[in-house]
Amino acid sequence: MGQQSGGFWRVTFSSLKVPNYRLYFTGQSISLVGTWMQMTAQSWLVLQLTHSSTDLGLAVALQTLPVLLLGPYGGVIADRSDKRRLMIALQIAMGVQALVLGLLVVLGSVRFWQVCLLAVILGLNNAFENSARQSFVREMVGRDELRNAITLNSVTVNAARAVGPGIGGILIATVGTGVCFLLNAGSFVAVVTSLLMMDRSALRPSTPAPRAAGQLREGLRYAAGVPTIAVPLAMMSLVGLLAYEFQVSLPVLASHTFHGDSETYGFMTASMGIGAVVGGLFTAARGRTGIRPMIIASTGFGLGILVSAFAPLLALNYAAMLFVGWASVSFIAIGNSTVQLAARPEMRGRVVALWQVAFQGTTPIGGPLIGWVISLSDPRIGLAVGAAACLVAALVAYLYLGRSRSAPPEAGGDDPSAAGQEKHRPQRGTTGELSQPG
């Protein structure tokens, strides 16, 4: 039993044996706690300033609009650039944005339009940083550990989601929202330091794509032509549009439906984060990729949201959010791994950019839409719309599999499985595809 347990943990955290990734993982973990504190504080700040769920949706939309408009071009820049240097510059800029917002709040001069402007600035950074950050993972760990590292990244995000909002809720109630923004500004020091300390000789950079006309169109055509990229992107587009609008729905659910405060909202988000950490660890150990596992995760995600939406008691909502977090991180990690492993290395930045557009770039439409639905009805209905999107995405992908077996990824991708449906277990130390050098 002890050996089996030890084996589970070794497989679950196998990518941490890479020193550069271990450095990055540590810095990112600290920074992400600050990021989730800021997200919690920003949502509560907007509600305090405007008392409007529609304005809350607008603020979230403005922060993600640049990802929708510029995200694909950010992927082109990532494929052309030294990703590590690009990340350092953009992480510093995000720290400055948090510092400015924190000072405005602490000095008592913050206005809603300023929050919106700074949200746009943060979104501009995210449009370029997302692609560089996610495609940089392979340069640290190689293809051997890519699945595991992507899943551990999701675990890190959701562990921060479990800790950050809880701390943020307590800080909001005791010292105010401004401190959350200032602490987040300081947290960027950790991730920038980790990037500066890396052993650059141990990185495995992809050959930068030369500047050429039509590279954005080339990436779109490529993604549309590979089923194990196109189907996950379509699923995430629908789910990202309507289900991942928790920044809009949960604050209103906490305050209006359950008559709670910032701590109630923080603990809702933290419950989802705890479930995501547990689910992410299992996902990291099992190593599944492909369309069929995405269908299962999307179905579970939708059912979990439905239970949380119509929970009559706050305690039951907290319990349901645990399952929501589990299914959410599984859906994200499986989908992200599937599209990255199916993509050729010189296309990975653009493919990741399209994934981020589907995930975050749809929020400028979905955020205000869910806010509008809530304003006309109830936050429970807003959540139910997201649940329906998950179930519809799963159904459409299931019908696709039933009609036609997906073609294998194009040559040059890392995942050779037909339709991406098989259960993949990393075969470490063998001469198989997964142990080829990066």
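Remember, predicted model here, so these are calculated numbers, not experimental data.

J.: Would you take a moment to explain the pattern of salt bridges for this structure?
T.: Should the charged atoms of two oppositely charged side chains come close, the side chains can pair. Following the criterion strictly, the structure yields six salt bridges and no others. A salt bridge links Lys83 to Glu139; the nearest nitrogen and oxygen atoms lie 3.0 Å apart. Here Glu139 lies in helix H5 (residues 112-141) and Lys83 lies in helix H4 (residues 83-106), a separation of 56 residues in the sequence. The two residues Lys83 and Glu139 agree in class, both being buried. Across the pair Glu218 and Arg350 runs a salt bridge whose closest N-O atoms are separated by 3.3 Å. Placement of Glu218 in helix H8 (residues 215-225) and of Arg350 in helix H14 (residues 348-361) is noted, with a sequence separation of 132 residues between them. For Arg350, a relative accessible area of 5% translates into the label buried. A single salt-bridge network, built from bridges that share partners, covers Asp79, Glu218 and Arg350.

J.: Would you mind showing me how to read the packing of aromatic side chains here?
T.: Describing an aromatic ring pair means giving the distance of the ring centres and the angle of the ring planes. One pass over the structure, following the stated rule, counts seven aromatic pairs. Their ring planes at 90 degrees and their centres at 6.3 Å tell us that Tyr73 and Phe128 sit as a pair that is edge-to-face. Pair noted here: Tyr73 is in helix H3 (residues 53-80) and Phe128 is in helix H5, with a separation of 55 residues, a long-range link. For Tyr73, a relative accessible area of 38% gives the class partly exposed. Ring centres 6.4 Å apart and planes at 55 degrees place the aromatic pair Phe246 and Phe301 in the tilted group. Of the two residues, Phe246 sits in helix H10 (residues 246-257) while Phe301 sits in helix H12 (residues 291-309), which places them 55 residues apart along the sequence. An identical accessibility class is assigned to Phe246 and Phe301; each is buried. Members of the aromatic cluster, joined through ring pairs, are Tyr244, Phe246, Phe301 and Phe359.

J.: Would you explain empty space enclosed by the protein in this entry?
T.: Regions of empty space are outlined by a rolling probe, equal in size to a water molecule, passed over the atoms. Summed over the entire model, instances satisfying the criterion amount to eight cavities of 30 Å³ or more. If you add up the space inside the largest cavity, you get close to 1200 Å³. Of the residues in the lining of the largest cavity, the class split is 20 nonpolar, 26 polar and four charged. What the second largest cavity holds in volume is close to 40 Å³. In this structure, the second largest cavity is lined by Asp79, Lys83, Ser135, Arg138, Glu139, Ser206, Pro345, Arg348 and Gly349. When residues of the lining of the second largest cavity are traced back to their parent elements, those giving at least two are H5 and H14.

J.: Honestly, the layout of surface pockets in this entry has me stumped. Any pointers?
T.: Approximately 290 Å³ is the volume found for the largest pocket. Taken together, 15 residues make up the lining of the largest pocket; nearest its centre are Arg286, Ile296, Trp326, Ser330 and Ile334. When contributions to the lining of the largest pocket are tallied by element, the ones reaching two or more residues are helix H11 (262-286), H12 and helix H13 (314-342). A per-element tally of the lining of the largest pocket places H13 first, with five residues. Residue composition of the lining of the largest pocket, grouped by class: eight nonpolar, five polar and two charged. Each pocket or cavity is described by its volume, and for the second largest pocket that value is around 160 Å³. Around the second largest pocket, the lining is made up of 11 residues, and of these Asp82, Lys83, Glu139, Leu203 and Pro205 lie nearest the centre. For the lining of the second largest pocket, the secondary-structure elements that each account for two or more residues are H4 and H5. Looking at the lining of the second largest pocket residue by residue, the classes come out as four nonpolar, two polar and five charged.

J.: Looking at this structure, I do not really get the nonpolar core. What am I missing?
T.: Burial of nonpolar side chains together is a common tendency in soluble globular proteins. Grouped together as the largest cluster of nonpolar side chains are 71 residues, with contacts concentrated most on Ile229, Tyr244, Phe246, Leu250, Phe301 and Ile305. Among residues more than four places away in sequence, those in contact with Ile305 are Ala243, Phe246, Val324, Leu383, Ala387 and Cys390. Judged by nonpolar contacts, the second largest core, of 30 residues, contains Leu16, Val192, Met198 and Ala284.

What counts, and at which threshold
Residues numbered from 1 in each chain as written. Predicted model: local features only at pLDDT ≥ 70, side-chain atom pairs only at ≥ 80, totals over all residues. Heavy atoms only, no water. Salt bridge = Lys/Arg side-chain N within 4 Å of Asp/Glu carboxyl O. Helix = DSSP H or I, 4+ residues; strand = E, 2+ residues; numbered from the N terminus. Buried < 20%, exposed > 50% of the residue type's maximum accessible area, 1.4 Å probe, protein only. Phe/Tyr/Trp six-rings, centres within 6.5 Å; stacked < 30°, edge-to-face > 60°. 1 Å grid on protein atoms, 1.4 Å probe; cavity = no way out; pocket = protein on both sides within 12 Å on 5 of 7 lines; lining within 4 Å. Points joined across faces, edges and corners; volume = space filled by probe spheres on them. Nonpolar A, V, L, I, M, F, W, Y, C, P; charged D, E, K, R; others polar. Core = buried A, V, L, I, M, F, W, Y, C linked by side-chain atoms within 4.5 Å. Contact = heavy atoms within 4.5 Å.

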